[in-house]
Amino acid sequence: MKKNKTYYRIFMYMVLLTFSFLMISCAVRKSPPIKEPLSLEDQSVRNGQIHFMAHCHKCHPAGEAGLGPAINSNPAPKFAKRFQVRHGLGVMPSFKDDEISDEELSDIMAYLKALRRN
């Protein structure tokens, strides 16, 4: 009988831990508003904006939260973001080389870095 109570207690802790993790990870946080116009002096940032608008803007409008989470305030390193773009995650689709080339992806990363700095 005592063994069943122990298993039940462990099960309840696991359920509580899982529920807590899901609640924290699913929270959508809007990033702070962009303060000033983005400087598009760098050619890669300009190209990145064009490719971002073509592929990413409908889910991440101006890098803010939309259908997808805000990516302006995403502190993930560039390689993690590139991996997510290439392989997808959750409801985010994957974008293969024939959809977004490596050069275009590098430009998008430069644009996101400029947005984050802004």
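From a predicted model like this one, the values you see are computed outputs, not experimental measurements.

### A closer look at the side chain of His-51
Right, so step 1: Locating His-51 in the fold gives a position in helix 2 (residues 43-55).
Right, so step 2: What makes His-51 buried here is its relative accessible area of 18%.
Right, so step 3: What His-51 contacts, discounting residues up to four positions off in sequence, is Cys-56, Glu-104, Asp-107 and Ile-108.

### A few points about the packing of aromatic side chains
Right, so step 1: A full pass over the atoms with the stated rule returns 1 aromatic pair.
Right, so step 2: When the ring of Phe-52 is compared with that of Tyr-111, the centres are 5.3 Å apart and the planes differ by 50 degrees; the resulting orientation is tilted. Taken as a pair, Phe-52 in helix 2 and Tyr-111 in helix 4 (residues 102-117) lie far apart in primary sequence, 59 residues in all. The same class applies to Phe-52 and to Tyr-111, which are both buried.

### A few points about the pattern of salt bridges
Right, so step 1: In total, this model carries 2 salt bridges according to the counting rule given.
Right, so step 2: Linked by salt bridges that have partners in common, Arg-86, Asp-97 and Asp-102 make up one network.

### Let's talk about helix 3 (residues 78-87)
Right, so step 1: For helix 3, the complete set of buried residues consists of Lys-81, Val-85 and Arg-86. End-on view of helix 3: buried residues confined to an arc of 135 degrees, all on one side of the axis. The exposed residues of helix 3 that point more than 90 degrees off its buried face are Phe-79 and Phe-83.
Right, so step 2: Buried residues belonging to helix 3 abut helix 4.
Right, so step 3: A positive phi of about 75 degrees marks Gly-88, the residue just after helix 3.

The rules we used
- Residues numbered from 1 in each chain as written.
- Predicted model: local features only at pLDDT ≥ 70, side-chain atom pairs only at ≥ 80, totals over all residues.
- Heavy atoms only, no water.
- Helix = DSSP H or I, 4+ residues; strand = E, 2+ residues; numbered from the N terminus.
- Buried < 20%, exposed > 50% of the residue type's maximum accessible area, 1.4 Å probe, protein only.
- Contact = heavy atoms within 4.5 Å.
- Phe/Tyr/Trp six-rings, centres within 6.5 Å; stacked < 30°, edge-to-face > 60°.
- Salt bridge = Lys/Arg side-chain N within 4 Å of Asp/Glu carboxyl O.
- Arc of directions from axis to C-beta.

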